[in-house]
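Listed here are the chains, written in short residue letters.
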Number of protein chains: 2
Amino acid sequence: MIDRNHGTLLSIGVDLGGTNVRIALIDGNGTIIREIHAKTEANQGPDYVIAHIIEMIKQVKSEHTIRGIGIGAPGPLDPFKGVILDPPNLSGWNHVPLTSLIEREFAVPVVLNNDANAAALAEAISGAGIGYKSVLYITVSTGIGAGIVVDGKLVMGEQGNAGEIGNMIILPGGPKQSNLNAGALEAVASGTAIAREGSKRLGTEVDAAGVFQMAKNGHKEAEKIIDEAMTYLAMGIANLIHVLNPSLVVLGGGVMKSKEFILPIIREKTTEYLYPSLQPFLKIEPAKLGTKAGVIGAGLLPE
Amino acid sequence: MIDRNHGTLLSIGVDLGGTNVRIALIDGNGTIIREIHAKTEANQGPDYVIAHIIEMIKQVKSEHTIRGIGIGAPGPLDPFKGVILDPPNLSGWNHVPLTSLIEREFAVPVVLNNDANAAALAEAISGAGIGYKSVLYITVSTGIGAGIVVDGKLVMGEQGNAGEIGNMIILPGGPKQSNLNAGALEAVASGTAIAREGSKRLGTEVDAAGVFQMAKNGHKEAEKIIDEAMTYLAMGIANLIHVLNPSLVVLGGGVMKSKEFILPIIREKTTEYLYPSLQPFLKIEPAKLGTKAGVIGAGLLPE
């Protein structure tokens, strides 16, 4: 296990989602000591939600001394300034200086990062990535995101935007989706992409889970849709391996609910696109921490 | 400038190429104190070449105390074991334990890395990247390679293969070239790719420089070939920016001989493929150290 030199110092993790907020007291190895969660009630606006978060932190912290508070939240956000910009999942939030508002209440450092980075850190330090030098965490749900952890630390990038792999072009001139590049990874391999192709080609309005179900039942066109998405996902993973050569790739997100079905396919296709010298070393594992990854990773954010 | 804490400690850099070998005494900031070079005479075999390198090191080192010796060489190689595997540019070299053979002669650590990584380190620490936190160095010549430097250190990867961007798939089902993926970046955007398309579409056997010359002279099909290659290169760079969000991208290699012609095109096209929030921050600069990058970077390899 990576030694973060503060295994006995506690911290607070806040996983702020559009639907739920989860707050936990955790130790430096990512073990949850105590945890509470509630509905975010994002529609009540930032003032209400932040007051609620502060109350919950007090409750979880109780009489414990903590070294800091980490918050994982949906992007876009500015991790260096600690400001939530205008995430689609937190409507009405517009340039909210979240860390300074929380810091005012507690005399400890408060750190903000996006939810994919928080989950990446959690999986690297106390999940599937325990013992590995570098971890590339990829989440495939309605969107596709990533976090890169090297030697127990997140690779953030100059503007804090490293890991925005959903916008990598994988099929020039391919499908357009929201504000992404034509043929971007997220536009050809995400749950949204699978649902879009399904609804277009299966003669019925269907979501990604529906397409997976039909494919598992042997529906040929549904199988083809999943196969295409997994091919593009494998190309994306192979590209990232050629760039970063991580010790381990961890796959999380909603699409991994079908992991027994798709993980062998992803491993086989990714291998095919790697330099032969790298093929024997390919390691793709499913995320281990499930819905707790966000709050654990948030708690690991403070140095 | 990044402080490497050994600004006054000297080291030896060895740039071992298929044609020339260049050896220099340099300080911790990458300044060359003294330098010699000679033909590699690779056809004389590794024993001869290594004996020659040892003689040259002694000559350059003279009475100076050095903290280590760094060697940049063509891949494939194993940087962790210090072994040259079987590079096409050093024929007859097959699993040569280069660092241990040199270490035997000098009582200092000897470090081996590939030439793209050495050049990346040089540009990051004492070239175009001075003052930047993270640098993505990309070399476009007959091949395409990269080196990633974060906080003054190379991102190596688990097997030492980070930066193998030439094999990233950029055009699924596209042209095949040597052992690369179909439609790999190197197969659609390298000097080799430009020469291949030129020879196929211009009605005459032509190299990359020839296609560039024809394009500069206004030949429409040659312009189209360059434009296609630069489009794929820009997609590759944009993809890498979305993954790494580096402070700076540095472009080097033979294709940059036409930098006045292509750099504005590459900047414009890359911008087009970035998230709007990242566009204002795009920084692509030409490499500064020219043919000295390899030997300077080699000298910066020892910690």
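Residues numbered from 1 in each chain as written. Chains lettered and ligands numbered in written order. Predicted model: local features only at pLDDT ≥ 70, side-chain atom pairs only at ≥ 80, totals over all residues.

(A) Here's a closer look at the overall build of chain A. On a plain count of helices and strands, chain A comes out with nine helices and twelve strands. Projecting the C-alpha coordinates of chain A onto the three principal axes gives extents of approximately 60 × 45 × 35 Å. When burial is assessed residue by residue, chain A has 53% of its 303 residues classed as buried. (Helix = DSSP H or I, 4+ residues; strand = E, 2+ residues; numbered from the N terminus. Buried ≥ 20, exposed ≤ 12 C-beta atoms within 10 Å, placed from the backbone.)

(B) Structural context of the environment of Lys-81 of chain B. By the element assignment, Lys-81 of chain B lies in the loop between strand E5 (77-78) and strand E6 (83-84). In this structure the C-alpha to C-alpha distance between Lys-81 of chain B and Asp-15 of chain B, which are 66 residues apart in sequence, comes to 18 Å.

(C) Inspection of the sheet that holds strand E12 (residues 284-286) of chain A at higher detail. All names here are of chain A. On the basis of which strands lie adjacent, the open sheet formed by five strands has the order E10-E9-E8-E11-E12 and mixed pairing. Looking at strand neighbours, the two that pair on one side only are strand E10 (153-154) and E12, the edges of this open sheet. Running at roughly 160 degrees to strand E8 (residues 134-140), helix H7 (residues 220-244) makes contact with E8, strand E9 (144-150) and strand E11 (248-252) of the sheet. (Pairing = 2+ DSSP bridges. Contact = placed C-beta atoms within 7 Å. Axes fitted to C-alpha atoms, helices over the stretch in contact; angles between N-to-C directions.)

(D) Quick look at the sheet that holds strand E11 (residues 248-252) of chain B. Residue and element names in this part refer to chain B. Pairing is mixed in the open sheet, where five strands are placed in the order E10-E9-E8-E11-E12. Looking at strand neighbours, the two that pair on one side only are strand E10 (153-154) and strand E12 (284-286), the edges of this open sheet. Of the pairings in the sheet, the one linking E11 to E12 comprises three bridges and is parallel in character. If you follow Val-250 over to E12, its bridge partner there is Glu-285.

(E) Representation of the relation of the copies chain B and chain A. In the superposition of chain B on chain A (RMSD 0.0 Å, axial shift 0.0 Å), the rotation amounts to 180 degrees. When the rotation and shift are considered jointly, the pair of chain copies conforms to a two-fold rotation axis. (Least-squares fit on C-alpha atoms with pLDDT ≥ 70 in both.)

(F) Layout of the packing of helix H5 (residues 191-201) of chain B against helix H6 (residues 208-216) of chain B. Residue and element names in this part refer to chain B. Closest axis-to-axis distance for the H5/H6 pair is 8 Å, and the angle between their directions is 65 degrees. Viewed along their axes, H5 and H6 adopt a mutual orientation that is roughly perpendicular. Handedness of the H5/H6 crossing: left-handed. Counting all contacts with H5, which are made through Gly-191, Ile-194, Ala-195 and Gly-198, the residues of H6 involved are Ala-208, Gly-210 and Val-211. Here the contact of H5 with H6 is composed, by residue class, of four nonpolar, three polar and no charged. (Parallel < 35°, antiparallel > 145°, perpendicular 65-115°, else oblique. Left-handed = near helix turned anticlockwise from the far one by under 90°. Nonpolar A, V, L, I, M, F, W, Y, C, P; charged D, E, K, R; others polar.)

(G) Spatial organisation of the domain arrangement of chain A. Residue and element names in this part refer to chain A. Domain annotation for chain A reports domain 1 (10-121 + 292-300) and domain 2 (128-287). Taken together, the contact between domain 1 and domain 2 spans nine residues of the former and 14 residues of the latter. Per-element tally for the side of domain 1 that touches domain 2: the top contributor is helix H3 (residues 115-126), with five residues. Its residues assigned to classes, the side of domain 1 that touches domain 2 comprises seven nonpolar, one polar and one charged. (Domains from an automatic or database assignment.)

(H) Region of the structure containing the packing of helix H5 (residues 191-201) of chain A against H7 of chain A. All names here are of chain A. Taken N-terminus to C-terminus, the directions of H5 and H7 make an angle of 150 degrees; their axes are 10 Å apart at the nearest point. In this view, H5 runs roughly antiparallel relative to H7, as classed from their interaxial angle. Considering the relative orientation of H5 and H7, their crossing is right-handed. Seen from H5, the contacting residues are Ala-193, Ile-194, Glu-197, Gly-198 and Arg-201; seen from H7, they are Glu-221, Ala-222, Ile-225, Ile-226 and Ala-229. The class makeup of the residues in the contact of H5 with H7 is six nonpolar, one polar and three charged.

(I) Fine view of the environment of Val-206 of chain B. Residue and element names in this part refer to chain B. Along the chain, Val-206 turns up in the loop between H5 and H6. Taking the number of C-beta atoms within 10 Å as the measure of exposure, Val-206 has 22 and is therefore buried. Linking Val-206 and Ala-195, residues eleven residues apart in sequence, is a C-alpha distance of 6.0 Å. Here Val-206 is in contact with Ala-195, Gly-198, Ser-199 and Val-211, once residues within four sequence places are set aside.

(J) Spotlight on the interface of chain B and chain A. Each partner contributes residues to the interface: chain B has 33 residues there, and chain A has 34 residues. When the residues that make up the side of chain B that touches chain A are grouped by side-chain class, the tally is 19 nonpolar, eleven polar and three charged.

(K) Fine view of the pairing of strand E9 (residues 144-150) of chain B. Residues and elements named next belong to chain B. In terms of residue burial, E9 counts as a mostly covered element, since seven of its seven residues are buried. Where burial is concerned, the two faces of E9 agree: the one with Ile-144, Ala-146, Ile-148 and Val-150 and the one with Gly-145, Gly-147 and Val-149 are both buried. Here strand E8 (residues 134-140) runs beside E9; their pairing, made up of seven bridges, is antiparallel. Looking across to E9, one finds that Val-135 is bridged to Val-149. Following E8, the chain reverses through three residues before pairing antiparallel with E9. Strand direction decides the pairing type here: E9 and E10, joined by two bridges, are antiparallel. Within E10, the residue paired with Val-150 across the bridge is Lys-153. Hairpin connection, E9 to E10: the antiparallel pair is bridged by two residues, and Asp-151 has positive phi, about 50 degrees.

(L) H5 of chain A, seen in detail. Residues and elements named next belong to chain A. Within the span of H5, buried status applies to Gly-191, Ala-193, Ile-194, Glu-197 and Gly-198. Viewed along the axis of H5, the buried residues span an arc of 160 degrees, placing them on a single side of the element. At its buried positions, H5 is contacted by E8, helix H4 (185-189), helix H6 (208-216) and H7. Within two residues after H5, Gly-203 carries a phi angle of roughly 75 degrees, on the positive side. (Arc of directions from axis to C-beta.)

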